Amino acid sequence: EAHLFAEQAAAEGMVLLRNDDNILPINPQKIKKIAVMGKFAEDPIAVAAPGSSGSVTVDYESIDKPLDFIRKYAEENGLV
């Protein structure tokens with residue numbers, strides 16, 4: 001239940017700052033490759049407070065990996 005709540009809060013808290021050339025949502029007819037950079041896409045960390053460097057222990061049952069969702073979207077839309 002807590003995981004679902006956190007997932008919903010994350011989705012609702014996202015803000016798209018710029019969408020140059022209307023690139024989002026990704027259109028498989030226009031976009032053939034995407035790049036994902038940074039280790040936290042594959043190995044995210046959970047922190048207790050914004051700006052924390054992870055010095056606090058956070059107990060969680062599971063953590064979503066952004067790269068998993070990107071791969072799933074790519075597969076479902078013929079981008080792989």
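In this convention, every chain numbers its residues from 1, walking through the sequence in written order. Per-residue local features of the predicted model are confined to residues with pLDDT of at least 70, and side-chain atom pairs are confined, for both listing and counting, to 80 or more; whole-chain, interface and lining totals are unaffected and use all residues. Note that water and hydrogens are dropped before the side-chain values are worked out from all heavy atoms of the structure.

Draft legend 1. The overall build of the protein chain, seen in detail. What the protein chain contains, in helices and strands, is 2 helices and 0 strands. A simple rule labels every residue: compare its accessible area, found with a 1.4 Å probe on the protein chains alone, to the largest value its type can have, and call it buried under 20%, exposed over 50%, or partly exposed in between. For the protein chain, buried positions account for 9% of its 80 residues. Counted over contacts in the protein chain with a minimum sequence separation of 6, partners at least 24 positions apart contribute 50%. Accessible surface, the protein chain as shown: approximately 7200 Å² in total, 56% of it carbon and sulfur. Secondary structure counts use DSSP, requiring at least four H or I residues in a row for a helix and at least two E residues in a row for a strand, with both numbered from the N terminus. Note on contacts: a residue pair is in contact if any heavy atoms of the two residues lie within 4.5 Å. Areas reported here follow the Shrake-Rupley algorithm with a probe of radius 1.4 Å; residue values treat only the protein chains shown as occluding.

Draft legend 2. Here's a closer look at the pattern of salt bridges. Think of a salt bridge as a Lys or Arg side-chain nitrogen and an Asp or Glu carboxyl oxygen that are within 4 Å of each other. If you walk through the whole model with that rule in mind, you get 2 salt bridges. In this structure, the salt-bridge partner of Arg-71 is Glu-42, at a minimum N-O distance of 3.8 Å. One end of the pair, Arg-71, is in helix 2 (residues 66–76); the other, Glu-42, is in the loop between helix 1 (2–13) and helix 2, with 29 residues separating them in the sequence. Relative accessible area serves as the criterion here: at 39%, Glu-42 is assigned to the partly exposed category. When the shortest N-O distance is used, the salt bridge between Glu-76 and Lys-72 registers 3.8 Å.

Draft legend 3. How the structure looks around the environment of Glu-42. For the pair formed by Glu-42 and Asp-64, sequence separation is 22 residues and the distance between their alpha carbons is 9.4 Å. In this view, Glu-42 contacts Lys-65, Leu-67 and Arg-71; residues no more than four positions away in its chain are not counted.

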